[in-house]
Amino acid sequence: MKNIALIIAGGSGQRMHQDIPKQFLNVYDKPVIIYTLEAFQRHPCIDGIVVVCVEGWNEILEAYCRQSGITKLESIVPGGANGQESIRKGIYDIASRHQKEDLILIHDAIRPLVSEEIISDCIRVAGRYGNAISVVNCTSAMLCTEDGETSTCQIARDNLKITQTPQCASVGTLTSLHEEALRQGITNSVATCTLLIELGYELHFSLGSEKNIKLTSVEDLEIFEALLNSQKAEWIK
């Protein structure tokens, strides 16, 4: 059985208010996406990498991968109209070369601090239970709101998990999932985990981390830079 990383880099990063997609922003002379790809390149259990890339950046990404020694790269796939379509296109590309029992780890390109432990546990849980969703505990008070400005109710945080990526299942499961979604007219589910829920799957949790941050704002970039400078992040090269 092989383990293939599917890196989703199809977003334009409008919330970052930058001229280039956020996954291609340089942090200490290295694009964010290369930090992410290096994490999967280093992992001994990852056999291949496929990237779904925002339009117009394929050749630039290829050049970055050559310069950075990303030898596990199998292909770069053009992104879709939304996240669900981008993921589907990547899954179909992987399915054209790999067996149904092989695992796909779907990961955001803008989560560059994914650790070896997170990747390993995702593979372990998916191999045992059929799927794996990286999560962390919810440690904040959670309030419900109708107008975005006020609240009169809360949700017990003990019953909540915050999802991250990678999110993993087999080639066969994910292919069938997206085919069924198209049959049912589901075209814009937020993430793989939400699509699995919508189509009746039971999800299984794997290890996440507060450091496995998603870079969606300038503040997130500042946190990322601080973590790179941290003496505790010895695994970062």
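One structure accompanies this document, and this report is about it. From a predicted model like this one, the values you see are computed outputs, not experimental measurements.

Attention now goes to the overall build of the protein. If you tally the helices and strands in the protein, you get seven helices and nine strands. For a compact globule of 237 residues, the expected C-alpha radius of gyration is about 18 Å, and the protein comes in at 18 Å, within 12% of that figure. Based on the C-alpha atoms only, the size of the protein along its principal axes is roughly 55 × 40 × 30 Å. Of all 237 residues assigned to the protein, the portion counted as buried reaches 50%. Considering only contacts within the protein whose residues lie at least 6 apart along the sequence, 74% involve residues at least 24 apart. Just so you have it, the protein exposes about 12,300 Å², and 48% of that area is on carbon and sulfur atoms. Counting 21 positive and 30 negative side-chain charges, the protein places the centres of these two groups 5 Å from one another.

Okay, unusual backbone geometry next. Phi is mostly negative for residues that are not glycine, and the peptide bonds are mostly trans. In this structure, the amide linkage connecting Thr-165 to the following residue, Pro-166, adopts the cis form with an omega of 15°. Residue position: Pro-166 is located in strand 8 (residues 161–170). With phi around 65°, Asp-29 is a residue other than glycine that occupies positive phi space. Looking at where Asp-29 falls in the secondary structure, it is placed in the loop between strand 1 (3–9) and helix 1 (32–42). With relative accessibility at 78%, the residue Asp-29 sits in the exposed group.

Judged by nonpolar contacts, the single largest core of 31 residues is most densely connected at Ile-33, Leu-37, Ile-49, Val-51 and Leu-61. For this core, the elements supplying multiple residues, two or more each, are strand 1, helix 1, strand 2 (48–53), helix 2 (58–68), strand 4 (103–108) and helix 4 (116–129). Tallying contributions element by element places helix 4 first for this core, with six residues. The contact partners of Leu-37, leaving out residues within four places of it in the chain, are Ile-7, Ile-49, Val-51, Leu-61, Cys-65 and Ile-70. With 24 residues, the next largest nonpolar core counts Val-52, Val-135, Ala-169 and Val-171 among its residues.

Turning next to the sheet that holds strand 3 (residues 73–78). If you trace the seven strands from one edge of the open sheet to the other, you get 3-2-1-4-8-5-9, paired in mixed fashion. Only two strands of the sheet have a single partner each, and these edge strands are strand 3 and strand 9 (205–207). The mean inter-strand angle of the sheet, taken between neighbouring strand axes irrespective of direction, is 30°. With six bridges connecting them, strand 1 and strand 2 associate as parallel partners. Bridging from a neighbouring strand, Leu-6 pairs with Val-50 of strand 2. Contacts between helix 2 and the sheet are confined to strand 2 and strand 3, with strand 3 contributing the most and set at about 160° to the helix. On the sheet, helix 4 packs against strand 1, strand 4, strand 5 (131–137), strand 8 and strand 9 and is oriented at approximately 130° with respect to strand 5.

Parameters at a glance
- Residues numbered from 1 in each chain as written.
- Predicted model: local features only at pLDDT ≥ 70, side-chain atom pairs only at ≥ 80, totals over all residues.
- Heavy atoms only, no water.
- Helix = DSSP H or I, 4+ residues; strand = E, 2+ residues; numbered from the N terminus.
- Rg over C-alpha atoms; globule rule 2.2 N^0.38 Å.
- Buried < 20%, exposed > 50% of the residue type's maximum accessible area, 1.4 Å probe, protein only.
- Contact = heavy atoms within 4.5 Å.
- Areas by Shrake-Rupley, 256 points an atom, 1.4 Å probe, with all protein chains shown as cover.
- Lys, Arg positive; Asp, Glu negative; His and termini not counted.
- Charge placed at Lys NZ, Arg CZ, Asp CG, Glu CD.
- Core = buried A, V, L, I, M, F, W, Y, C linked by side-chain atoms within 4.5 Å.
- Pairing = 2+ DSSP bridges.
- Axes fitted to C-alpha atoms, helices over the stretch in contact; angles between N-to-C directions.

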